[in-house]
Amino acid sequence: MPDAGANSLDAFWMPFTPNRRFKANPRLISGARDMNYITPDGREILDGTAGLWCVNAGHNRPRIVEAIQRQAAQLDYVSSFNMSHPLAFTFASRLAAMTPPGLDRIFFSNSGSESVDTALKIALAYQRARGKAGKTRLIGRERGYHGVGFGGISVGGIVRNRMYFGSLLTGVDHLPHTHGVAGNLFSRGQPDHGADLADVLERLVALHDASTIAAVIVEPVAGSTGVLIPPKGYLERLRALCDKHDILLIFDEVITGFGRVGAAFAAERFGVVPDIMCLAKGLTNAAAPAGAVAVSRTIHDAMMEGADAPIELFHGYTYSAHPLACAAGLATLDVYAEEGLFERALTLEPYWEAAMHSLADARHVIDIRNLGLIAGIELEPRPGKPTERAIEAYEAAFDAGLMIRVTGDIIALSPPLIIDKAQIDQIVDTLRAVLSRID
Ligand SMILES: Cc1ncc(COP(=O)(O)O)c(C=O)c1O
């Protein structure tokens, strides 16, 4: 038997990772502070991805760390089934005061995936509670990423996240994605063309009938698939069509929430309010795992009034509203507010946009798109070897002191909102050098 000693890399089956490649040449992080990761040998790596789109206030912020430490010493855990703790109610109220008007009932989960499954289940249970039990169909979108639960991969549209896992949920259909519309290359902010892709919902309604459709779920800005910014007018049309056909609209704001797009939520930035919103990541600055679902008062109240049992929703997690998550979340909201980080993201957006688009003439680049403090830089794939160039870019960037994220042949950037202009320049200079070096 091979030795799996304490320092062996073998036992940890790493998520969404080419395990064999990684373990042949591991890149480890042992510390972090503000904009930087720190490697075991003491090198600083500038974090161009805010962890995984989640460390919006930067790493190891003392206020958040101390809040978690205090809470751990006072109340490590209490269930929220039939009881709870004061911070859970405070955190929910603080969130309800930030979310778009009407979306002020908060259900807690532990991750984005769980928020998505929770949102889908609430949508179905609500339709039933109001006497529309036939509305069971869920509509997602091609290239959508909604985490890895069976609900999320069913409405999601990333092929490899679905194809290995059986028949998934039944009664799911998909809208077309919004990428590749003629005239949209190198768009700055929202692209001009493609709002009419929302009209495909009319065709799905014609095909299935609105009486069978519970909800449409989309990411307002698709992140994990490689940064697809919604065309001008697209989300507005989706909202109007959902209203017309009495279908719920769910925004998966797991990455767009908490300042990423220069506002508290994409719903606010785009002026389009969904019926349900999925949250996670920046909710606690990733310092403790947490997710939340913001639900409209209408849905919530209908379920309270239409309940056929004392428990109105047969759903919940052992760690819903975990005390450490609530403490981390409240401290995180304080940091966002006190440092004006959402406004900071909006103020920095023009500089960020210009900096990102300055890479238009860098080697291998075939498209660039941006919004808020997000950018997608699409590379030409190597013939017959998709994703390889981007993986090499990732490794070379890390070795050059920059953490980026790659998905397919797209570099996705989403730095902490505390980034400054010199650090934006550092991202651009490092990327240009890396792209010129790799084939
Ligand atoms: C839009 C969206 N939804 C859901 C998720 C899943 O979140 P988690 O990995 O916390 O389950 C992600 C993660 O990247 C996401 O980007």
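Residues numbered from 1 in each chain as written. Predicted model: local features only at pLDDT ≥ 70, side-chain atom pairs only at ≥ 80, totals over all residues.

Description of the pairing of strand β7 (residues 213-218)
(1) Moving on: Among the 6 residues in β7, 6 count as buried, and that is most of the element.
(2) Moving on: Relative to β7, strand β5 (residues 137-141) runs parallel, the two being bridged by 3 bridges. What sits directly across from L138, in β7, is A215.
(3) Moving on: Of the pairings in the sheet, the one linking β7 to strand β8 (residues 248-252) comprises 4 bridges and is parallel in character. Bridged to V216 within β8 is L249.
(4) Moving on: Regarding the hand of the β-α-β motif, the stretch spanning β7, helix α9 (residues 234-244) and β8 is right-handed. (Buried ≥ 20, exposed ≤ 12 C-beta atoms within 10 Å, placed from the backbone. Helix = DSSP H or I, 4+ residues; strand = E, 2+ residues; numbered from the N terminus. Pairing = 2+ DSSP bridges. Right-handed = clockwise from strand over helix to strand, strands pointing away.)

Looking at the nonpolar core
(1) Moving on: Among the nonpolar cores identified, the biggest contains 125 residues, and V216, I250 and V293 are the most heavily contacted of them.
(2) Moving on: Residues from two domains meet in this core; each of domain 1 (19-57 + 340-437) and domain 2 (65-338) gives at least three.
(3) Moving on: Ignoring sequence-local partners within four residues, the contact set of I250 consists of A119, A123, A215, V216, I217, P274, D275, I276 and C278. (Core = buried A, V, L, I, M, F, W, Y, C linked by C-beta atoms within 7 Å. Domains from an automatic or database assignment. Contact = placed C-beta atoms within 7 Å.)

As for helix α14 (residues 388-399)
(1) Moving on: Under the 1.5 Å per step criterion, the end-to-end length of α14 is 17 Å for 12 residues, consistent within 8% with the ideal 16 Å.
(2) Moving on: Listed in full, the buried residues belonging to α14 are A390, A393 and A397. The arc that holds the buried residues of α14, viewed along the axis, is 55°, so those residues lie on one side.
(3) Moving on: Once α14 ends, the next one or two residues include G401, with phi positive near 90°. (Expected span 1.5 Å × (residues − 1). Arc of directions from axis to C-beta.)

Looking at the sheet that holds strand β9 (residues 276-279)
(1) Moving on: Taken in spatial order, the 7 strands of this open sheet run β4-β10-β9-β8-β7-β5-β6, and their pairing is mixed. In this open sheet, the two edge strands, each paired with only one partner strand, are β4 (105-109) and β6 (172-175). Each strand of the sheet is rotated relative to its neighbour by a mean of 20°, with strand direction disregarded.
(2) Moving on: Bridge count between β9 and strand β10 (residues 291-295): 4 bridges; the pairing is antiparallel. Residue I276 lies in a different strand from β10, and its bridge partner there is V295.
(3) Moving on: Where helix α8 (residues 200-208) meets the sheet, its contacts fall on β5, β6 and β7, and the angle it forms with β6 comes to roughly 155°. (Axes fitted to C-alpha atoms, helices over the stretch in contact; angles between N-to-C directions.)

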